Amino acid sequence: MSTRKARRTVVTGIGVVAPSGTTTESFWKRTHEGMSVLDRVTREGCEHLPLRVAGEVRGFDPVDLIEERYLVQTDRFTHFAMAAADLALDDARIGRADYEGDPFAVGVVTAAGSGGGEFGQRELQRLWGQGSNYVGPYQSIAWFYAASTGQISIRGGFKGPCAVVASDEAGGLDALAHAARSIRGGTDAVVVGAAEAPLAPYSVVCQLGYEDLSVCDDPARAYRPFTADACGFVPAEGGAMLVVEEEAAANRRGARVRAELAGHSATFTGASRWEESREGLARAISGALREAGCAPEEIDVVFADALGVPSADRAEALAIADALGGHGKRVPVTAPKTGIGRAYCGAPMLDAAAAVLAMENGLIPPTPNVVDVCHEIDVVTGRARPAELRTALVLSRGLMGSNAAIVLRRPTATHA
């Protein structure tokens, strides 16, 4: 048996591009204030479609943030990912001097559920409207799920283990687990996360096949999980990228350790089988707790998946109770995504970022637009709740049946 000391994975950088803010600071301010930015869809070409409400990223100009040579070959979802990665790297204070001696020490992992719909639609319109000579060469890569991983790696000069996770919305959490495995395997740092841009007309038409999509036209009522009025979820753009590092490597360079990635587990229960997701999600929670060496009563807050479908909400509430026992009815539960929408793979990454910020600030953000909870869980509503937070549980499920849970811990004084 190996006596090698386990390599712990810690978060040292956070970068966010979301409907509620294109910096981590603006995102957290609106999150803990419980502000909802859901509004009517304004994207060109979507005016006649049944989807009326979404979480759009506004005030984001990639021209100001990304070099032209990368802009012309990438879609909006990769623009979000590259911008968030820059913010995370700046936050972690990682520069080329930190890895130029060994560029293979830094890897990149992203998750994606929809790919580059806007870029792909534009090029296909050119194909059918003007002919093949008018289709750009980057059509072959810009729409692809792996585009963000590849472009972040190339742009940053990162030559360590790179991957893309395509496992439904829960892929955001699975990407974190993949990064942690790379750290345990010897990589010093990984840029990891997910960003999505599902509001191009072609992408919206594809989503209209989801019976769980909310087509309510009232932004205040379109996405209300855990209530009797729940009528589905509202989609959103954006996401978050984190820098995770091996703890000793982070300490050697004097990095600020913001949280520990302590445990993860994933299961699969099948598309839209929400009643069955109760057992699958409960098993994922129990597995994450086991890997983290964490007792159920140690969980101080749960960031819920919060789909907004009555059967799915009921299954999640019961899964929390099944996995956490009596503590499941007492632990505070929050779903800040009800104020910004559900950004598919980007959604659990935004929740993970919010969980780290919540632990740092001792505040549980509220669940916007949710008032009358009809399940036996303590959903935080109205305003932020002050609390001593040491351990957070983040949950995610995908429309195709994936379930994932991750445990984050606040660093101790010796790690801060």
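Residues numbered from 1 in each chain as written. Predicted model: local features only at pLDDT ≥ 70, side-chain atom pairs only at ≥ 80, totals over all residues. Heavy atoms only, no water.

Basically, it comes down to this: UniProt positions are given in the numbering used here, feature names are shortened, and annotations may be inferred rather than shown by experiment.
The chain appears in an unreviewed UniProt entry as Ketosynthase chain-length factor from Streptomyces yanii. As stated in UniProt under Sequence similarities (unreviewed entry), the record for the chain gives "Belongs to the thiolase-like superfamily. Beta-ketoacyl-ACP synthases family."

What about the side chain of Ser20?
Put simply, the rule is: Here a strand is any run of E in DSSP of at least two residues, a helix any run of H or I of at least four, and the numbering for each starts at the N terminus. Residues are treated as being in contact if the distance between any of their heavy atoms lies within 4.5 Å.
Here Ser20 lies in the loop between β1 (9-17) and α1 (24-32). With residues up to four places along the chain from it excluded, the contact list for Ser20 reads Ser26, Phe27, Arg30, Val37 and Ile340.

Digging into the nonpolar core
Inclusion rule: Take the buried Ala, Val, Leu, Ile, Met, Phe, Trp, Tyr and Cys residues and link them wherever side-chain atoms come within 4.5 Å; each set so joined is a nonpolar core. Only protein chains enter the accessibility calculation, which uses a 1.4 Å probe; a residue whose area is less than 20% of its type maximum is buried, one above 50% is exposed, and one in between is partly exposed.
Ranked by internal contacts, the top residues of the largest apolar core, which has 48 residues, are Ile285, Ile299, Val302, Leu324, Leu393 and Leu395. When residues of this core are traced back to their parent elements, those giving at least two are β3 (53-54), α11 (274-292), α12 (310-324), β14 (391-397) and β15 (402-409). A per-element tally of this core places α11 first, with 8 residues. Beyond its immediate chain neighbours, meaning those up to four positions away, Leu393 contacts Ile285, Ile299, Val301, Val302, Phe303, Ala405, Ile406 and Val407. Counting residues in hydrophobic clusters, the runner-up holds 47 residues, among them Val190, Ala194, Leu242 and Ala259.

Section: a nonpolar patch on the surface
Let me state the cut-off plainly: Two joining distances apply to patches: 9 Å for like charges and 5 Å for nonpolar side chains (Val, Leu, Ile, Met, Phe, Trp, Tyr), and every residue must have over 30% relative accessible area and no salt bridge. Accessible areas in this description were obtained via Shrake-Rupley with a 1.4 Å probe; residue shielding takes into account the shown protein chains only. One side-chain nitrogen of Lys or Arg within 4 Å of one carboxyl oxygen of Asp or Glu is enough to make a salt bridge.
Residues Trp143, Phe144, Tyr145 and Val164 make up a contiguous nonpolar surface patch of about 340 Å² in total accessible area. With respect to the element layout, Trp143 can be found in the loop between α6 (139-142) and α7 (147-156).

Some points on α1
Taken residue by residue, α1 has Thr24, Ser26, Phe27, Trp28 and Thr31 as its buried positions. If you follow the buried residues of α1, they end up packed against β1, α13 (346-361) and β11 (363-364). Of the residues one or two after α1, Gly34 is the one with positive phi, at around 75°.

What to know about the sheet that holds strand β8 (residues 259-268)
Stated formally: In this description, strands pair whenever DSSP reports at least two bridges between them. Between the N-to-C directions of two axes lies an angle of 0 to 180 degrees, each axis being a line fitted to C-alpha atoms and, for a helix, fitted only over the stretch in contact.
On the basis of which strands lie adjacent, the open sheet formed by 11 strands has the order β5-β4-β6-β7-β1-β8-β15-β14-β9-β10-β12 and mixed pairing. Edge strands, defined here as strands with exactly one partner in the open sheet, are β5 (162-165) and β12 (378-379). In the sheet, β14 pairs with β15 via 7 bridges, with the strands oriented antiparallel. Across the sheet, Arg397 pairs through a bridge with Asn403, a residue of β15. The strands touched by α7 are β4 (106-111), β5, β6 (189-196) and β7 (238-246); relative to β4, the strand with the most contacts, the crossing angle is about 155°. Contacting β9 (301-303), β10 (332-334) and β14, α12 crosses the sheet at an angle of about 140° to β14.

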